[in-house]
Amino acid sequence: MLRDIKINKTQFIAIFLMAFLGIFAYCGIYGEYYGLVQTSDEYYDLTNMADGWVHNTDFNTSAVDKVNEFATQTDRQAVIQSTADMENKPDIKLHFVEKATISKFYVIEGKDFNVDDDSGVWLDCRFAEKRNLKVGDNITFEFDGGKITKEIKGLGYSPEYIYESSPNSLTPDFSEIGFAYLSHKAYPTNLDYDTLLVKYNYSDSDFKEKLDDSIDYLSFTKKEDQLSVAKFSDEMAQHKMIGDVFPIVFIIVTFLTLLTTMTRIVTHQRSQIGILKAVGYKDKTIILHYISYGFVPVLLGAILGLITGPMIIPRMFYPTMSATYSMPSWNPGFDMSFIYIAALMVVSSIFVTYLTCRQISKENPANTLRPKPPNASSRSLIEKSGLWNHLSFNLRWNWRDARRNKFRALMTIIGVMGCVALLIAAFGMNDCMGQLKTWEYDDISHFESKLLLSSEANPMELYYILNYTNGSFIMQQSIEMKANDMEDTVMLLVSNNTDLISYTDNNRDSLEIDEGDVSISAKLADRFNLTIGDNIRWHIVGSDEWVTSKIGQIHAEPVSQGLIMSPDTLEDQGLNFTPTNIVTPEKFGEKYDSIKSVSSIDGLKKSWDQITTSVMMMVYVVTVVAVALAILVLYNLEILSFTEMGREIATLKVLGFKTNVLRKLLLTQNIIFTAIGFILGIPLGFYFMTLMMNAAGDSLYYIPTLTWGNILLSAIITFTISIGVNLLFSDRIRSLDMVEALKDVD
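Cut-off values and rules
Residues numbered from 1 in each chain as written. Predicted model: local features only at pLDDT ≥ 70, side-chain atom pairs only at ≥ 80, totals over all residues. Heavy atoms only, no water. Helix = DSSP H or I, 4+ residues; strand = E, 2+ residues; numbered from the N terminus. Expected span 1.5 Å × (residues − 1). Bend = angle between axes of the 7 residues up to and from the residue. Salt bridge = Lys/Arg side-chain N within 4 Å of Asp/Glu carboxyl O. Buried < 20%, exposed > 50% of the residue type's maximum accessible area, 1.4 Å probe, protein only. Contact = heavy atoms within 4.5 Å. Phe/Tyr/Trp six-rings, centres within 6.5 Å; stacked < 30°, edge-to-face > 60°.

1. A look at helix α9 (residues 283-322)
In this model α9 runs 58 Å from its N-terminal to its C-terminal C-alpha over 40 residues, within 8% of the 58 Å that 1.5 Å per residue would give. Roughly 40° is the biggest bend found in α9, and it falls at T308, with proline P310 one to four residues downstream.

Laid out in structure tokens, this is it:
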């Protein structure tokens, strides 16, 4: 065996690499996804993350007692927006906690959280890091016209803030936002609890029904709709959409290529098998010997991929994700499917080798000692037609060779098709992420600056800024929407008829939203099964005033799903137009008390690039592995092709065909099979792309698009690899062993 491995080391290395790459990609990509799921679930369990949040102006003891009748746990908090008394007045959300039993603060430095400590504060560690704060420092918070100063007793994380929304970018600026946990005793006056955290054993809908029957409240947010949970879930969904397609295709292509490779290696050893049979070795001994040919390299490759995949690939993504999301640890995940797939690959190599050896071992030693006779084929319909005589010798020879070796031709086409599908899907994801960016920030957003208004803004100053910047007021609020027995928290945009914001349809063409119409985003309409003319109920989060609206139009929005209407339409619903932002075509750098923060369009684009970095890196990893797999697949199939055609090539050399002519024969066949696989791989890749985008979460609205650039780049990569591998093997024509290739098979 060791001698054969040394002689055929290239083939055995290729088998090892194929097994390694397939398992490496599968375990690595899934390990990254499972790591996110398992680490976040463990974090939620460790901190006893709330199942829901009930909001009201105040929860008295009587209301809590009623909720406790059907909830397993409750904990009251007063959640207050404050500013820290330091440069730029960063926003700090204060949580005055009654019992600290639900959604507990996770301490990484300092003392454990103490609900009886009225002098301390437990601060967001990422904010503290940016502001150079440490345990023992004092910090002052301003809210409701007053100030409190507390000593920092601990730093850490909160499960409710894995993602923190920044008012001026898609990615959080931890120097400008943060959170803090304090004892309810630290509040300077009588405390009104406005948030009730609950744990329950019912479904969300059943709990809400019981809640509706027991107390009055403003709004209820279930765990999956909480901002941080929903955002991180969308991130995981985008990673899962890649994990659900690419690793499976890697494994299938690897399986098929291993099948053809092991068949070729064993078939090439038929003379040795004949010798072993002739000297008395039993079939069982021979079969076990050759089974090890596939078992050993596949087992080693699978084990190495099983170990290194989850160790390497996830750690390529976690540093970029930790720049946006906050968790105490980032660990790769594991799933038993990793072992099952690795074992299946090893067993399949054993099974394929067994079937091949079993077939050869049934022959008598005399026949086994002879080279395998070429496959016979009958005349096809094309060969009987008049077209046949007009074809060149090159095409006729390749047609007959493909018909004699259908299995090899099929495996070549399938191998190329799988690799092309991976490339098309990966490049398609790259194109779509770029299109979402240009759609949102070029086709829809035409402003240069977006100003966030202070809650204590001076109306006169606001109108001065509005006129000075040629800007326009807009209102953006979170709303809770209900329809068709479904509900979700989405965005409301209220805008005047301004040229600074455009509305679009599914084709990215400009769309006018008529006065009096309420428009819903296309993805939200699909998810709620709504169409024009249907009614929806909604209310602004924090308000108990529900309104009913009829859908008048449907628009397409790539990034934020929700409703759009004009200020007059909003007021017709009985609600007040309360601007939250000013959009302006001017660059804005002045400081006003009424302006909380300023976002530039360039800054928003950079935020988009940062928040999509991990998904784009996943696309790059998949592309690299797909190219590597394509090289291995085509290399092994080319070896099989050259081995099976050795006798025919030798015969043609004897008949006087020049080496360049024979090279052309091989190259023609290679290009034809590659072209067929490429053409079939395009729709398959588009199908994979569609599957991934349909599973990309609720926020982003992907429209699968197949561009000519995608097709051209995939074609260049595929044909370059195919032709390069073919030219590498065509040089072997000169060194072909004519005597061995032309041995009599009669």
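So much for the structure itself; the text now carries on.
2. A word on the pattern of salt bridges
Evaluated as defined, the whole model comprises 19 salt bridges. One salt bridge connects D85 with K89, and the closest N-O pair in it is separated by 3.4 Å. Overlapping salt bridges bring together D85, K89, E142 and K147 as one network.

3. A few points about the side chain of T83
Relative to the assigned elements, T83 resides in strand β2 (residues 73-84). Taking relative accessible area as the criterion, T83 reaches 16% and is therefore assigned buried. Apart from residues no more than four positions distant in its own chain, T83 is found in contact with K89, P90, D91, T140, F141, E142 and K596.

4. Remarks on the packing of aromatic side chains
What the rule picks out here adds up to 32 aromatic pairs. Ring centres 6.4 Å apart and planes at 10° place the aromatic pair F16 and F20 in the stacked group. With F16 and F20 both in helix α2 (residues 9-46) and 4 residues apart, the pair spans about one turn of that helix. Taking the relative accessible area as the measure of exposure, F16 reaches 25% and is therefore partly exposed. F20 gets classed as buried once you look at its relative accessible area, which sits at 17%. With a centroid separation of 5.4 Å and 55° between ring planes, the pair formed by Y33 and Y34 is classed as tilted. Residue Y33 is classed as buried on the basis of its relative accessible area of 13%. Taking the relative accessible area as the measure of exposure, Y34 reaches 21% and is therefore partly exposed.

5. So, the environment of V198
Within the secondary structure layout, V198 lies in strand β9 (residues 195-199). With near-sequence residues (within four places) excluded, V198 lies in contact with A50, D51, G52, V54, V67, Q73, T74, I102, F207 and F220.

Purely geometric stuff here, so don't read any function into it on its own.
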